[in-house]
Amino acid sequence: MSSGKNTWLNWLLYFVVFELAVFFGLQWLLSGIGMSNQLQPENTIVPNWVKAVTFILLYLLCLLAAVLVVSSTVPGKHRPQLMRWVYLALLGMFVMLFFLY
């Protein structure tokens, strides 16, 4: 296995661990907000909307903190590759938002 492929797999592992830690951490943090049963007659969208918006804002805050930490530790020639992980994380946020409910 080449060195470049091995490095990419290591970063993929770090990325998956980060995404899982953020998802389960935010799921635990936001567990008291929203309604789990969506089909109740008195259910409104407001509690679940608050949960979704709070999840998105906290996720973006975690992502920004991770980008700042990684950007300061990675050599300058590899910083442009960081944006592809950020875009992948933003796409993953919508998947996590679906699984949050």
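Read on for a plain summary of the structure. Predicted model, so just to flag it, every value in this text is computed and none were measured.

**Considerations on the nonpolar core**
For soluble globular proteins, the rule of thumb is that nonpolar side chains tend to be buried together.
Consideration 1: With 18 residues, the main nonpolar core has Phe55, Tyr59 and Leu63 as its most contacted residues.
Consideration 2: Elements with a contribution of two residues or more to this core: α1 (3–29), α2 (46–73) and α3 (82–100).
Consideration 3: When residues of this core are assigned to their parent elements, the largest contribution, eight residues, is made by α3.
Consideration 4: Look past the residues within four positions of Leu63 in its chain and what remains in contact with it is Phe18, Val86, Ala89 and Leu90.

**Points about the environment of Tyr101**
Consideration 1: If you trace the backbone, Tyr101 turns up in the segment after α3.
Consideration 2: On the basis of relative accessible area, Tyr101 is assigned to the partly exposed category, the value being 42%.
Consideration 3: In sequence terms Tyr101 and Gln27 are 74 residues apart; their C-alpha atoms lie 9.4 Å from each other.

Calculation criteria
Positions within a chain are numbered from 1, following the residues in the order the chain's sequence is written. A pLDDT threshold of at least 70 governs which residues receive local features in this predicted model, and a stricter bar of 80 or more applies before side-chain atom pairs are shown or counted, although totals over entire chains, interfaces and linings include all residues. Only hydrogens and water are set aside when side-chain values are computed; all heavy atoms of the structure are taken into account. Each nonpolar core is a collection of buried residues, namely Ala, Val, Leu, Ile, Met, Phe, Trp, Tyr and Cys, held together in the definition by side-chain atoms within 4.5 Å. Buried means the residue's accessible area, taken with a 1.4 Å probe over protein chains only, is under 20% of the maximum for its type, while exposed means over 50%, and partly exposed covers the values in between. Elements are defined by DSSP. Helices are runs of H or I of four residues or more, strands are runs of E of two residues or more, and each kind is numbered from the N terminus. We call two residues in contact whenever any of their non-hydrogen atoms come within 4.5 Å of each other.

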